[in-house]
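Okay, here's what each chain looks like letter by letter:
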Amino acid sequence: MTRGPIPRKTVYRLSLYYRVLQRLRENKIETVSSAALAKVSGVKPTQLRKDLAYLGHFGTRGLGYSVEALCAKLVDVMGTASLQPVILVGVGQLGSALLGYDGF
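None of the values given here were measured: they were computed from a predicted structure. (Residues numbered from 1 in each chain as written. Predicted model: local features only at pLDDT ≥ 70, side-chain atom pairs only at ≥ 80, totals over all residues. Heavy atoms only, no water.)

1. Focus: the overall build of the protein chain
Keep this limit in mind: Numbering of helices and strands runs from the N terminus, with a helix taken as a DSSP run of H or I at least four residues long and a strand as a DSSP run of E at least two residues long. Throughout, a contact is declared for two residues whenever any of their heavy atoms are within 4.5 Å. In these tables, accessible area is a Shrake-Rupley quantity obtained with a 1.4 Å probe, and a residue counts as shielded only by the protein chains included in the view.
Looking only at helices and strands, the protein chain has five helices and two strands in total. Helices and strands appear in the protein chain in the N-to-C order α-β-α-α-β-α-α. Across the protein chain, the fraction of contacts at a sequence separation of at least 24, relative to all contacts at a separation of at least 6, is 62%. Carbon and sulfur atoms make up 57% of the accessible area of the protein chain, which totals about 7600 Å².

See below:
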């Protein structure tokens, strides 16, 4: 449950936190402190905690955040768990290149 609309700058930082968490998960790290996650993300721990408060209650004082649970919540909130329909308007050279890319 979120506490209202998430500001654009917070959304940007959430995607940054997610990339950091993915690296932690790849390295088999199960928990991370707000101080460590903030340092790697380039923000202050207070900003990180404020940003994560939009997602609900996470973390345990003295233990940190579960990397797996936080990743799952970020995927859910950012809507990246499923494919999103996209409309491409004004197809110039860049648009043509995107349409020709088999990854879409």
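2. Thoughts on unusual backbone geometry
Even without glycine at this site, Lys28 takes up a positive phi of about 65°. Within the element layout of this structure, Lys28 appears in the loop between helix H1 (8-26) and strand S1 (31-32).

3. A short note on the environment of Glu30
Following the sequence through the fold, Glu30 ends up in the loop between H1 and S1. The contacts of Glu30, once residues within four sequence positions are left out, are Tyr65, Ser66 and Val67.

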